[in-house]
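For reference, the chains in residue letters:
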Amino acid sequence: MRIYQPMLFVGLGGTGCKVGAELEKRLREELCGPDGTRLLGATDQGYLPYQLPSCLQFVYADLSANELHRVRREVVPGREHDKAAQKTMHMITDLVPARLSNSADVAQSLRINSDEDTIGWLPSRESDPRIGPLVRGAGQLPTVGRAVLFETLRRNPDSALWGIKRAIAEINESAGDLFVISGRRTQRVDPVIVFVVFSVAGGTGSGIYYDYLHLIGDLMRQGNKEAEIYPLVLMPSSFDDGQGGGRPADLNAGSALIDLFRLIDDQNAQGSPDELDASGSHGAVAVRFPRLEQVQLRANTVQTAFLFGRPVGGVRRDDLHRSMVSLMTSLISAGPSDQDEDDDGPNRPYQSFADGFINSKVDRHAPADTGVGRRGVTTSAVAALTTPLLELTDVVSSHLLANAVNELLVPPGAAETNRAHVRRFITAAGLDRLLEASPGRIPPHGSPVGYGPVMAALTQRANEMAAAVERAQEALAGPVAALAQDFDPGQAALELLGDVDLFRLNRVVHGHRDLADPLDKGGFRALLDGWRSPPPPPPGMNPAAPPLPNNIAKRVLQRLRMVDDSVQAVIRKQDAWYAWQTRRVWNAAWNDSHRLWARPWQAFVEELRAVHEQFLAHARAEPQQFDQRSKDLYKPRVGVAYLLPPEDRGLEGFYQTVLARLKEDYSAHLGPNANEGHVLNLLLGQDGWSAAFAKGRKDPEAAVADIRQRIKEAVTERVRPGDRARPALVPRMDDLLANAVQRRDGSVTDLDLHRFRQKLAELLPGGFVPDGHAPLKVLFTYPAVQENADIERFLRREVALPVDMVGEPEFRAVQADSMVVVLNRSSMGVTEVPELRRVIKLWWRAQRAPQPQDSLPWRRRLDQDSSYLLMDAEDRWHVLHRLLCAMWDGKVSVTGDPRSPDHVTIDVGSRESVTMGLELTPLGTLSSWASLLQAYEQWIITDDDPRAAGSPPG
């Protein structure tokens, strides 16, 4: 994938966090590769595996600490890659003020410490819902979320802004990274495309989005940066009742979307200001924050918002999250197609593709047909065909590791002996002298001849042995203590792991009952335990003194010599006694030094146990995870399609295919009955286990993660070989597409092509279109190095596009392993989108007949005035002018007293006119004519066919 523009992603609330995590995973898969290593050699920045380029920054804000913690877990394949994620991730974790337990405390603090101009929107004290603890969220009440943000800003603005400031600073320094990942086409870090993602159904996201739009725009302005800000909004239809949906979600959406599109209307309609006050343009939309004064967005910073609802039945919310991700990746990966390579090179200015596709040929500044608001609404439905390569390689790698652990855990019976490994462990741990316990040297006594001299020599020898043993009891204390102090079983394990796997090391250390040799059964640990106890004395000996030559008979005919059998028998007994006593003294000294060596030994035992247990836990849990992940990958989806191995064999069949290729590649070193354990040891090489154990000593999970990463790199190379001459086990989408258009090579099979064309045919099911009544615009992004007319004709033919599409789709070639179809309706007023209209209608009705649990004041984020729902002052001026024109033209008829009528009927249009009936009500002592504009607003909200209503009369 190529990226042509810096991107700042801001995720607000639970939905923003989930979508951001999905976006980070998608970008890592495309840019870093399934094993995370693709960018390591692309720049000189010292990248970590799975580290994204600095021109892509992510900021997350939520009251819920659990939600933020979940994002940290999900954006990278494992905890060992947290450091890589943190390079581009910024968490706003201090959004909840300290020592404030609930919403009432927050509101009280704001009332005491802030002026009325800043918190005029805050509801009354009596209505407070007392939501708490706030670290669990805003309780689906947006104004609670906004109050928390304002209190945080009042105390310390950086608590809410530092993440965004850091992200912008990183983008400012990202020209080099952008130059690399754009294919050397651009290094301009302006403009920045900003995606602000949230749901209008909940409390936090819908409560703080309005303020963060202003704060982000203001920080960009302060840094002299250009920004294109696009809110991506998840609609309440995405949430089922009881799972964040229902009446509370609809009420939140009605209020939030009115505020959002009032802001967007202002953005699209701003011109040169006629009047300036101390804070900027008089009358323009702005927000007054604690300690930050008034903040106003520059015109055209936020030109539209993308609304994502559930287009057809069967679309799950997580698939909608992926659809939002597909839209964002399409916009940042589709580069400009009209660059002049000779004009300023990578510094050339150009309109971003996102700006061109979204904002060209639209008339958002024009008033809506109803005369209320403008045309800032955009709805989207996005379908994507992708290969979840990161997920596939991760599942296969985990499965291979689990199977390998189960194989390596069980010794091959008598075929395994660990005697040599135990000896090597002792040497590497520095305990050779303890093992050998060599007796002190006894000086030779020459070669005496004759009974008397020989007997004297043997007696002297025994006495010298006894004296040596006596001296050793004191002399060995220091050296043995030094041995104990230098004892390093961890280093010994690291050395041994160069030749054996972790599970055999465990048998070397602890032994195994199924092995034949007694030493193998007990392992090194049995030796270590034995060295603490006195050894049993040799049979038939007096432990107190060495054997004396008492039973040697005198010879008459031949003189006694040292080489005689009877003398040698005594010497052997003395030597045995001396060796036993020396062993006893060494053991006693070792036991006396127990305090010195027990601590490193127990620490090592615990390290080995913890690492060993982590692998066993992985092996125990993996079968169920494999089945669950397999079901999740193959389950039916709408809007997101996966190219997967054939379903008849499923993931297990794919796993066996990958394993067969690994065995083929290592066949020179594998026997005929090789299993996953043998394959694992070969692919890890000589340093694999030792490197993993070194990491596992600090964090046992890191050992498993390190081995999984090494397996994943090997699996990735077999699934998608770097050598494109070797067939990929999972075909590349650009190969599929090129061969589907015209067969060119053997990189894909006929079965692959058949499944690919079937997926294309199913990509856009019937009814999969964005909500609304505006013309439908379509964008295709497809995998190719450059635009290809044959591919575009093929896609136009194979993909069933909606019948109400206007014109021809726009095509862009992208260097990504995915295909995306973006369906857009734009330039709509708020009453032209059925779901938007429905939630606004519910909000309007709730104002007039609230239910006890509605808590309406805590769902309004800007002010508590409910006189007009949709119309601002300019709208009211415009509509009133048109109504007066209709009266002048005689198109208004009155029922009741003309000075205060009950009902007016207005003819809209000409001869085939539609009549508009407005019920008027007196406002206190005022005439009912004073309610004319409110009646008109009620009519455009409650009328079920806004197109039939047309424009206001006049």
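The rules behind each value
Residues numbered from 1 in each chain as written. Predicted model: local features only at pLDDT ≥ 70, side-chain atom pairs only at ≥ 80, totals over all residues. Heavy atoms only, no water. Helix = DSSP H or I, 4+ residues; strand = E, 2+ residues; numbered from the N terminus. Rg over C-alpha atoms; globule rule 2.2 N^0.38 Å. Buried < 20%, exposed > 50% of the residue type's maximum accessible area, 1.4 Å probe, protein only. Contact = heavy atoms within 4.5 Å. Areas by Shrake-Rupley, 256 points an atom, 1.4 Å probe, with all protein chains shown as cover. Lys, Arg positive; Asp, Glu negative; His and termini not counted. Charge placed at Lys NZ, Arg CZ, Asp CG, Glu CD. Patch = residues over 30% accessible without salt bridge, like charges linked within 9 Å, V, L, I, M, F, W, Y side chains within 5 Å. Salt bridge = Lys/Arg side-chain N within 4 Å of Asp/Glu carboxyl O. UniProt positions renumbered as here; feature names shortened; annotations may be inferred. Axes fitted to C-alpha atoms, helices over the stretch in contact; angles between N-to-C directions. Left-handed = near helix turned anticlockwise from the far one by under 90°. Nonpolar A, V, L, I, M, F, W, Y, C, P; charged D, E, K, R; others polar. 1 Å grid on protein atoms, 1.4 Å probe; cavity = no way out; pocket = protein on both sides within 12 Å on 5 of 7 lines; lining within 4 Å. Points joined across faces, edges and corners; volume = space filled by probe spheres on them. Pairing = 2+ DSSP bridges. Core = buried A, V, L, I, M, F, W, Y, C linked by side-chain atoms within 4.5 Å. Expected span 1.5 Å × (residues − 1). Arc of directions from axis to C-beta. Phe/Tyr/Trp six-rings, centres within 6.5 Å; stacked < 30°, edge-to-face > 60°.

Visitor: Help me understand the overall build of the chain in this model?
Guide: The helix and strand tally for the chain stands at 33 helices and 18 strands. Computed over its C-alpha atoms, the radius of gyration of the chain comes to 40 Å, more than 25% above the 30 Å expected for a compact globule of 954 residues. Overall size of the chain, expressed as C-alpha extent along the three principal axes, is 160 × 75 × 50 Å. Across the 954 residues in the chain, those meeting the buried criterion constitute 55%. Within the chain, counting contacts between residues at least 6 apart in sequence, those at least 24 apart form 77% of the total. If you sum the accessible surface of the chain, you get close to 40700 Å²; carbon and sulfur atoms cover 48% of it. In the chain, 109 side chains carry a positive charge and 123 a negative one; their mean positions are 7 Å apart.

Visitor: For this particular structure, what's the right way to read the environment of Ala846?
Guide: The topology assignment puts Ala846 in helix 30 (residues 834-848). Sequence-wise, Ala846 and Leu251 are 595 residues apart; in three dimensions their C-alpha atoms are separated by 8.1 Å. Residues contacting Ala846, with those up to four places away along its chain left out, are Arg247, Leu251, Asp854 and Leu856.

Visitor: Sorry if this is basic, but what is going on with a nonpolar patch on the surface here?
Guide: Together, Leu880, Leu884 and Met887 make up an exposed nonpolar region whose accessible area comes to about 230 Å². Relative to the helices and strands, Leu880 resides in helix 31 (residues 873-888).

Visitor: Which parts of the structure should I look at to understand the UniProt feature "transmembrane region" (unreviewed entry) in the chain?
Guide: UniProt marks residues 192-210 with the feature "transmembrane region" (unreviewed entry), using the numbering shown here. End-to-end, the C-alpha atoms of residues 192-210 are 19 Å apart, and along that stretch the chain is 37% helix and 42% strand.

Visitor: Please explain the packing of helix 19 (residues 502-510) against helix 22 (residues 594-634) as it appears in this structure.
Guide: Angle between the axes and distance between the axes: these two values describe a pair of packed helices. Between helix 19 and helix 22, whose axes approach to 11 Å, the crossing angle comes to 140°. Where helix 19 crosses over helix 22, the handedness of that crossing is left-handed. Here Leu502, Phe503, Leu505, Asn506, Val509 and His510 of helix 19 come into contact with helix 22, specifically with Trp601, Phe604, Val605, Leu608, Val611, His612 and Phe615. Here the contact of helix 19 with helix 22 is built from residues that sort into 10 nonpolar, three polar and no charged.

Visitor: Got a minute to help me understand empty space enclosed by the protein in this structure?
Guide: Think of a ball as big as a water molecule: rolled over the atoms, this probe shows where empty space is left. This model, assessed by the stated rule, comprises three cavities of 30 Å³ or more. Each pocket or cavity is described by its volume, and for the largest cavity that value is around 60 Å³. Considering the residues around the largest cavity, the lining is formed by Met1, Arg26, Glu30, Thr329, Ser330, Ser333, Thr781, Val814, Ala816, Ser818 and Val820. Where the lining of the largest cavity is concerned, the elements lending two or more residues are helix 1 (13-32), helix 11 (317-333) and strand 15 (818-828).

Visitor: So what exactly am I meant to see when it comes to the pairing of strand 3 (residues 89-92) here?
Guide: Consecutive residues of a regular strand have side chains that alternate between opposite faces of the sheet. Side chains Met89 and Met91 of strand 3 all project onto a buried face; the interleaved residues His90 and Ile92 project onto the opposite face, where all are buried too. As paired elements, strand 2 (residues 56-61) and strand 3 share four bridges and run parallel to each other. Bridge pairing links Ala61 to Ile92 in strand 3.

Visitor: For this particular structure, what's the right way to read the sheet that holds strand 18 (residues 914-919)?
Guide: Within a sheet, neighbouring strands are paired by backbone hydrogen bonds and run either parallel or antiparallel to one another. Reading across the sheet, the three strands line up as 16-17-18 and stay open at both edges, with antiparallel pairing between neighbours. Both outer strands of the open sheet, strand 16 (892-895) and strand 18, are each paired with one neighbouring strand and no more. Averaged over neighbouring strand pairs, the angle between their axes works out to 20° when direction is ignored. One ladder, built from six bridges, connects strand 17 (residues 903-908) with strand 18; its direction is antiparallel. Paired with Ile906 across the bridge in strand 18 is Met916. Taken strand by strand, helix 32 (residues 932-942) contacts strand 17 and strand 18, and its axis lies near 125° from that of strand 18.

Visitor: I would appreciate a short explanation of the nonpolar core in the present structure.
Guide: Considering soluble globular proteins, one finds that nonpolar side chains tend to be buried as a cluster. Residues Leu8, Tyr212, Leu257, Phe261, Leu836 and Leu918 are the most contacted members of the largest nonpolar core, which totals 100 residues. Setting aside residues no more than four positions away along its own chain, Leu918 makes contact with Asp902, His903, Val904, Ile906, Leu932, Ala935, Tyr936 and Trp939.

Visitor: Explain helix 31 to me, please; I cannot follow it from the model alone.
Guide: One turn of the α-helix equals 3.6 residues, which is why residues spaced by three or four share an orientation. Between its first and last C-alpha, helix 31 extends 22 Å over 16 residues, near the 22 Å set by a 1.5 Å rise per residue. Where helix 31 is concerned, the buried positions are Asp875, Val879, Leu883 and Ala886. Relative to the axis of helix 31, the buried residues are bounded by an arc of 60° and lie together on one face. Opposite the buried face of helix 31, at more than 90 degrees from it, the exposed residues are Ala873, Trp877 and Trp888. Buried positions along helix 31 lie against strand 16, strand 17 and helix 32.

Visitor: Which parts of the structure should I look at to understand the packing of aromatic side chains?
Guide: Working definition: an aromatic ring pair is given by the centre-to-centre distance plus the angle between the planes. Tallied over the entire structure, the rule returns 23 aromatic pairs. For the pair Phe524 and Trp531, a centre-to-centre distance of 6.2 Å together with 80° between the ring planes defines the contact as edge-to-face. Of the two residues, Phe524 and Trp531, both sit in the buried class. Pairing Phe780 with Phe811 gives two aromatic rings, centres 5.0 Å apart and planes at 10°, and the pair type is stacked.

Visitor: Would you explain the pattern of salt bridges in this entry?
Guide: Oppositely charged side chains are able to pair whenever their charged atoms sit close together. In total, this model carries 59 salt bridges according to the counting rule given. For the salt bridge of Asp687 with Arg710, the shortest nitrogen-to-oxygen distance reads 3.8 Å. Within this pair, whereas Asp687 is found in the loop between helix 24 (676-684) and helix 25 (688-696), its partner Arg710 is found in helix 26 (residues 700-719), the two being separated by 23 residues in sequence. Residue class for Arg710 comes out partly exposed when judged on its relative accessible area of 24%. Across the salt bridge formed by Arg720 and Asp817, the nearest N and O atoms sit 3.0 Å from each other. Taken together, the positions of Arg720 in the loop between helix 26 and helix 27 (733-741) and Asp817 in the loop between strand 14 (810-814) and strand 15 put the pair 97 residues apart, joining distant regions of the chain. For the pair formed by Arg720 and Asp817, the shared burial category is buried.

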